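Inside the fold
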Amino acid sequence: MIGELDHDRCFERRTPFPLDAVHRAAGASFTDFAGWQMPVRYSSDLAEHHAVREAAGLFDLSHMAEILVLGGEAPAALDYALAGRISAVEEGQAKYSLLLAEDGGIIDDLVVYRTGADRFLVVANAGNRADAVAALRERAAGFDCVVDDESDDIALIALQGPRSEEILRGVEGFDIPELDGLRYYRAVTGDFRGHEVLVARTGYTGEDGFEFYLDPDAAPALWEALAETGAGAGLVPCGLAARDTLRLEAGMPLYGHELSRSTLPQQVGLGRLPVLGKPGGFVGEAAVTAGPDADAPVLVGLAAEGRRAGRADYAVFASEDAAEPAGVVTSGVLSPTLGHPIAMALVHPDLHEVGTTVFIDVRGTRIPASVVTLPFYSRKKN
């Protein structure tokens with residue numbers, strides 16, 4: 001869930017991170033992202049990627065937007081504002097949902113945590129913070145609730161990988177009474193050395209893991225405690241580059257690449273998310289009900305052989321000698337885990353069937369690729 005860079009819509013106060021000094025001391029390389037100076041890598045992209053798949057990685061996600069929706073009619077307000085049935089979410093549960101425009105285009109994809117009967121934490125993409133806040137406030141105006149942008153008051157750290165729970169249990173001074181039995185997309189409140197922490201079993205890597213929402217002042221101590229505890233278990237700090245290759249292998253869409261204002265949920269494999277017929281409806285329902293045009297592009301997974309990978313914005317052709325493109329790559333990489341090129345692409349619906357061969361124009365050479373089922377990679381479950 002990393003939002004696309006859009007300087008025109010960014011808030012001004014973005015740096016330094018709560019963890020800025022920690023990252024610099026660790027030798028991080030930085031890149032500008034949604035107005036933040038974000039760690040893109042610490043050692044190497046491949047080493048960080050493999051650490052998450054085999055052991056664990058530590059990510060600073062404090063650039064994400066956190067929006068509190070609070071009040072007696074907060075459930076109804078979110079049912080109207082978002083495509084999903086948020087009122088049905090249980091306390092301590094998280095739900096992935098969509099914020100749609102009237103025409104059905106995707107303003108943002110986000111995660112909603114229900115932290116109380118009338119209290120919800122909406123986590124939006126950094127680049128879409130202003131739009132998400134504005135849309136939620138406008139749509140909640142007729143309901144008895146408040147929408148409060150708390151992004152600058154919350155830090156977010158993610159611990160991801162198969163050894164995440166083992167590491168978390170070893171952190172001194174981190175009390176999480178309900179950690180036993182905490183399921184995927186569930187959250188509980190913990191205490192880290194006197195600081196309240198929302199501990200969520202969520203992530204954006206395709207691995208087991210946790211995300212921690214807490215006071216920015218406490219973030220450096222928690223980061224250091226996790227890093228120290230996990231050092232012997234293979235834990236490493238990870239940047240944006242590894243996060244992107246991990247989410248792509250897991251078939252997770254990225255706003256600004258697979259998702260945008262010009263795509264409807266049905267085009268990108270998210271047609272299951274909107275709940276039609278909710279009392280009061282939701283913004284964008286009519287457009288979702290009507291659906292995209294018959295020839296609107298659809299999202300597919302592509303796998304190729306060799307070492308040359310299609311990248312975002314590379315053209316996709318229906319045949320080796322076709323004159324006009326039939327689609328475009330939205331994200332692509334030489335998969336570190338699988339060892340061959342993978343990509344997601346928006347293509348003409350005639351090409352969506354698994355097994356179909358298409359051709360990606362990689363710097364003037366058309367490389368054959370096969371349509372495959374997403375995700376490319378799924379973790380082994382115990």
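The name that an unreviewed UniProt entry assigns to the protein is Aminomethyltransferase, with the source organism given as Homoserinibacter gongjuensis. UniProt lists a comment for the protein under the heading Catalytic activity (unreviewed entry), and it reads "N(6)-[(R)-S(8)-aminomethyldihydrolipoyl]-L-lysyl-[protein] + (6S)-5,6,7,8-tetrahydrofolate = N(6)-[(R)-dihydrolipoyl]-L-lysyl-[protein] + (6R)-5,10-methylene-5,6,7,8-tetrahydrofolate + NH4(+)". Annotation of the protein in UniProt includes, under Sequence similarities (unreviewed entry), the sentence "Belongs to the GcvT family."

So, about the overall build of the protein. Helix and strand content of the protein: eight helices and 20 strands. Against the compact-globule benchmark of 21 Å for 382 residues, the protein has a radius of gyration of 21 Å, which places it among compact chains. In the protein, 67% of the contacts between residues at least 6 apart in sequence involve partners at least 24 apart. Carbon and sulfur atoms provide 48% of the accessible area of the protein, an area that totals close to 15,700 Å².

Take the sheet that holds strand β7 (residues 119-124) next. Across the sheet, five strands lie side by side as β5-β6-β7-β4-β8; this open sheet has antiparallel pairing. The open sheet is flanked by β5 (94-100) and β8 (146-149), the only strands paired with a single partner. With direction set aside, neighbouring strand axes in the sheet form an average angle of 30°. Sheet analysis places strand β4 (residues 65-70) next to β7, joined by six bridges and oriented antiparallel. Paired with Ile67 across the strands is Val122, a residue of β7. Seen against the sheet, helix α3 (residues 74-81) touches β4, β5, β6 (106-116) and β7 and runs at an angle of roughly 30° to β7. Those strands touched by helix α4 (residues 129-140) are β4, β5, β6, β7 and β8, and its axis lies near 165° from that of β8.

For the rest of this paragraph, the subject is the UniProt feature "domain: GCVT N-terminal" (unreviewed entry) in the protein. The feature "domain: GCVT N-terminal" (unreviewed entry), as given by UniProt, occupies residues 21-273 in the numbering adopted here. Regarding residues 21-273, the helix share stands at 25% and the strand share at 31%, and the terminal C-alpha atoms are separated by 40 Å.

Relative to each other, helix α2 (residues 45-54) and helix α7 (residues 240-249) sit at 50°, their axes nearing to 8 Å. The orientation of α2 relative to α7 falls into the category oblique. Relative to α7, α2 is oriented so that their crossing is right-handed. For the pair α2 and α7, the contacting residues are Asp45, Glu48, His49, Val52 and Arg53 in the first and Ala241, Ala242, Thr245, Leu246 and Glu249 in the second.

Should their charged atoms come close, side chains of opposite charge can pair. Using the criterion set out here, one finds 15 salt bridges in the structure. The closest approach of N and O atoms between Arg163 and Glu166, which form a salt bridge, is 2.7 Å. The exposure class of Glu166 is partly exposed, given its relative accessible area of 45%. For Asp244, the salt bridge identified is with Arg247, shortest N-O distance 2.9 Å. In this pair, Asp244 and Arg247 both sit in helix α7, three residues apart, roughly one turn of the helix. Through salt bridges with shared partners, one network takes in Glu165, Arg169, Asp180, Arg201 and Asp208.

Criteria and cut-off values
- Residues numbered from 1 in each chain as written.
- Predicted model: local features only at pLDDT ≥ 70, side-chain atom pairs only at ≥ 80, totals over all residues.
- Heavy atoms only, no water.
- UniProt positions renumbered as here; feature names shortened; annotations may be inferred.
- Helix = DSSP H or I, 4+ residues; strand = E, 2+ residues; numbered from the N terminus.
- Rg over C-alpha atoms; globule rule 2.2 N^0.38 Å.
- Contact = heavy atoms within 4.5 Å.
- Areas by Shrake-Rupley, 256 points an atom, 1.4 Å probe, with all protein chains shown as cover.
- Pairing = 2+ DSSP bridges.
- Axes fitted to C-alpha atoms, helices over the stretch in contact; angles between N-to-C directions.
- Parallel < 35°, antiparallel > 145°, perpendicular 65-115°, else oblique.
- Left-handed = near helix turned anticlockwise from the far one by under 90°.
- Salt bridge = Lys/Arg side-chain N within 4 Å of Asp/Glu carboxyl O.
- Buried < 20%, exposed > 50% of the residue type's maximum accessible area, 1.4 Å probe, protein only.

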